[in-house]
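# Summary of structural features
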Amino acid sequence: MMNRSQLLSVLFASTLCVGGLQGCSTPDTESSTETSTDTASVEASSDAATSPSDREDTATETATDTPPESSSETEQATETETTAEEDPLAAFDEKQVRLLTDTAKFLAGIPVEKDSPLAAQQDTAAWNDHAAYLESAWQQMEAQQLSKARSWAQTELQSLNAGTPNLFYPFSGPDFLYAYTFFPEATDYVLVGLEPVGDMPSFENLSPGQVQQRLNDANQSLYAILQYSFFRTNAMAQDLDQQGVLPILLLFMGRTNQRILEIQHIGLDESANLQPVEAGGAEAQGWIDGVRITFVPEGETVPKRLYYFSTDLSNDGLAQTPEFLKFVGEFDRPVTYLKAASYLMHNDYFSEIRNTILSSSQAVLQDDSGIPLRFFNASDWNRQFYGSYLRPIDLFAQRYQPDLREVYATDTTVRPLNFGIGYKYYQDANLMLAIPQE
């Protein structure tokens, strides 16, 4: 295991390529035991095999088509429905919720209660080292970026967040952290990358050595985003190949004070319906592999959902899996967020996902690595620019946009940006918020 100074050297020496593994799949860029937690996480809920727009209809049909056997059962069902309406969290198994939430905290280096099944594991040197490292790194990132990004979002993204949008974040990898930082009021988050989903860690059933390996894997995967605000694709190809994105998603949820209500491994079938599967079972069916995490911020009562799908967003990839864009289309006018996206949509062979974003988004927030400025004609889009744009980093020097440089050199409405983000995390970071004109 490399120490942190060695790891930093390796990361700087490796190719700076992001946007999920997608960024390294194009010509321009370079075993755990299943547990009761996994079993519970893949059980079908009432909407497990439906698309987002069909859920209420399906629940109604189920209740109508299956008559109760007795009046007492009818009364019991009515009481259950009333309780669920009054308290949306009542439908979830509290014991399972606590285990899932404690697992997220454990991964995040946050102590769990003494009566938790994971309490004994946090008395180990491995967990205490993990917790100390994360706490130090998190405090630094909080001061330098996250607190400033949250304040910026409260002002600049206030109207979007007030509408409780759905968020579409392609080329994201497992970056729930910045999705939630900018859009904490979103109801559904759809993240996409080539990285595998992975499995749910079951720390209470692992040996101390296995726990230490899991924590080491998480730390190594996190280093880049904690330091630079984005994941580096070449590193993720190695770091997440075995563990997948699920542990990292849970860690970010632990650090952002989420209660994890349910985790379901899902497959997106040819009709764009979600099907419950066991971990790794989607590929055997020829479906897009994914996971759905239902969660709620601490102190709130309305559940949110995060979807992560492992799929190829190039034109060739989408031609083989047209159901993905159909699924995204079920969400009414999402906000799209793009960060450190490897300039993939500057290429014609990513035109399908680019056109989908442009035609269906109620707003696009991005840095210069997203969609080129030329696609946001000023007569069709209200554009607000932030920060500074001089040139891309050396790796992407050929993606310089003279028209964007002209905007930043002459537009007196450009607003400052007091935090780093994306490839220019250290200086000269930029963001553009583009909203279609009515």
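As the structure is a computational prediction, the values presented were derived from the model and not from experiment.

### Quick notes on empty space enclosed by the protein
The volume enclosed by the largest cavity comes to roughly 70 Å³. Gln366, Asp367, Asp368, Ile371, Leu373, Phe385, Gln401, Leu404, Tyr408, Asn430, Leu431 and Met432 are the residues that line the largest cavity. Mapped by element, the contributors of at least two residues to the lining of the largest cavity are helix H15 (402-410) and strand S10 (430-436). For the lining of the largest cavity, the element with the highest residue contribution is S10, accounting for three residues. Partitioning the lining of the largest cavity into residue classes produces seven nonpolar, three polar and two charged.

### Details of the pattern of salt bridges
Here the structure, examined in full by the defined rule, presents eight salt bridges. Across the pair Lys339 and Asp175 runs a salt bridge whose closest N-O atoms are separated by 3.0 Å. Here Lys339 is found in the loop between strand S7 (335-338) and helix H14 (351-360), whereas its partner Asp175 is found in the loop between strand S1 (166-169) and helix H8 (176-182), with 164 residues between them in sequence. Summarising the burial analysis for this pair, Lys339 and Asp175 share the class buried. The shortest N-O distance in the salt bridge between Asp188 and Arg305 comes to 2.7 Å. You can see Asp188 sitting in strand S2 (residues 188-193) and its partner Arg305 sitting in strand S6 (residues 304-310), a full 117 residues away along the chain. The exposure class assigned to Asp188 is buried, which follows from its relative accessible area of 5%. Using a relative accessible area of 23% as the deciding quantity, one classes Arg305 as partly exposed.

### Description of the sheet that holds S6
Pairing within the open sheet is mixed, and its ten strands lie in the order S4-S3-S5-S6-S2-S1-S7-S8-S10-S9. For this open sheet the edge positions go to strand S4 (274-276) and strand S9 (381-387), each flanked by a neighbour on one side alone. Averaged over neighbouring strand pairs, the angle between their axes works out to 25° when direction is ignored. Taken together, the ten bridges between strand S3 (residues 258-268) and strand S5 (residues 288-297) define a ladder with antiparallel strand orientation. Across the sheet, His265 pairs through a bridge with Val291, a residue of S5.

### Describing the confidence of the model for the chain
Mean pLDDT for the chain: 82, with 75% of residues reaching 70 or above. Low confidence marks residues 23-51, where pLDDT is under 50. Its contacts with residues over four positions away, or in another chain, come to 69 contacts.

### Some remarks on the pairing of S3
Counting buried residues along S3, eleven of its eleven residues qualify, which places the element largely inside the surrounding structure. Note that S3 and S4 share three bridges and pair antiparallel. Counterpart to Ile266 in the pairing with S4 is Pro276. Turn length for the S3-S4 hairpin, with the two strands adjacent in sequence and antiparallel, is five residues, and the turn residue Ala272 shows positive phi of about 70°.

### Brief notes about the side chain of Arg399
Along the chain, the position of Arg399 falls in the loop between S9 and H15. You can call Arg399 buried: its relative accessible area is 14%. Looking at Arg399, its side chain comes within polar contact range of the side chain of Asn347, at 2.7 Å.

### Regarding the packing of aromatic side chains
In this structure the tally under the stated criterion is 30 aromatic pairs. Relative to Tyr180, the ring of Phe176 has its centre 5.4 Å away and its plane inclined at 25°; by these criteria the two rings are stacked. In this pair, Phe176 and Tyr180 both sit in helix H8, four residues apart, roughly one turn of the helix. You'll find Phe176 and Tyr180 in the same group, each marked buried. Seen from their ring centres, Phe327 and Phe331 are 5.3 Å apart, and the 75° between their planes marks the pair as edge-to-face. Note on accessibility: Phe327 and Phe331 belong to one class, buried. Through a chain of ring-to-ring contacts, three or more aromatic side chains come together here, namely Trp152, Tyr169, Tyr178, Phe182, Phe183, Tyr337, Tyr386 and Phe419. In this structure, Lys339 packs its charged tip against the face of Tyr178, placed 4.8 Å from the ring centre.

### Some remarks on the pairing of S6
Most of S6 is tucked away: five of the seven residues are buried. Both S2 and S6 contribute to a ladder of six bridges, which runs parallel. For Gly193, the partnering residue across the bridge sits in S6 and is Ser310. Counting the residues in the hairpin turn of S5 and S6 gives six residues, including Gly299, whose phi is positive at 90°.

What counts and how
Residues numbered from 1 in each chain as written. Predicted model: local features only at pLDDT ≥ 70, side-chain atom pairs only at ≥ 80, totals over all residues. Heavy atoms only, no water. 1 Å grid on protein atoms, 1.4 Å probe; cavity = no way out; pocket = protein on both sides within 12 Å on 5 of 7 lines; lining within 4 Å. Points joined across faces, edges and corners; volume = space filled by probe spheres on them. Helix = DSSP H or I, 4+ residues; strand = E, 2+ residues; numbered from the N terminus. Nonpolar A, V, L, I, M, F, W, Y, C, P; charged D, E, K, R; others polar. Salt bridge = Lys/Arg side-chain N within 4 Å of Asp/Glu carboxyl O. Buried < 20%, exposed > 50% of the residue type's maximum accessible area, 1.4 Å probe, protein only. Pairing = 2+ DSSP bridges. Axes fitted to C-alpha atoms, helices over the stretch in contact; angles between N-to-C directions. pLDDT = per-residue confidence, 0-100. Contact = heavy atoms within 4.5 Å. Polar contact = N/O pair within 3.5 Å; in protein donor to acceptor, adjacent residues only side chain to side chain. Phe/Tyr/Trp six-rings, centres within 6.5 Å; stacked < 30°, edge-to-face > 60°. Lys NZ or Arg CZ within 6 Å of the ring centre and 35° of its normal.

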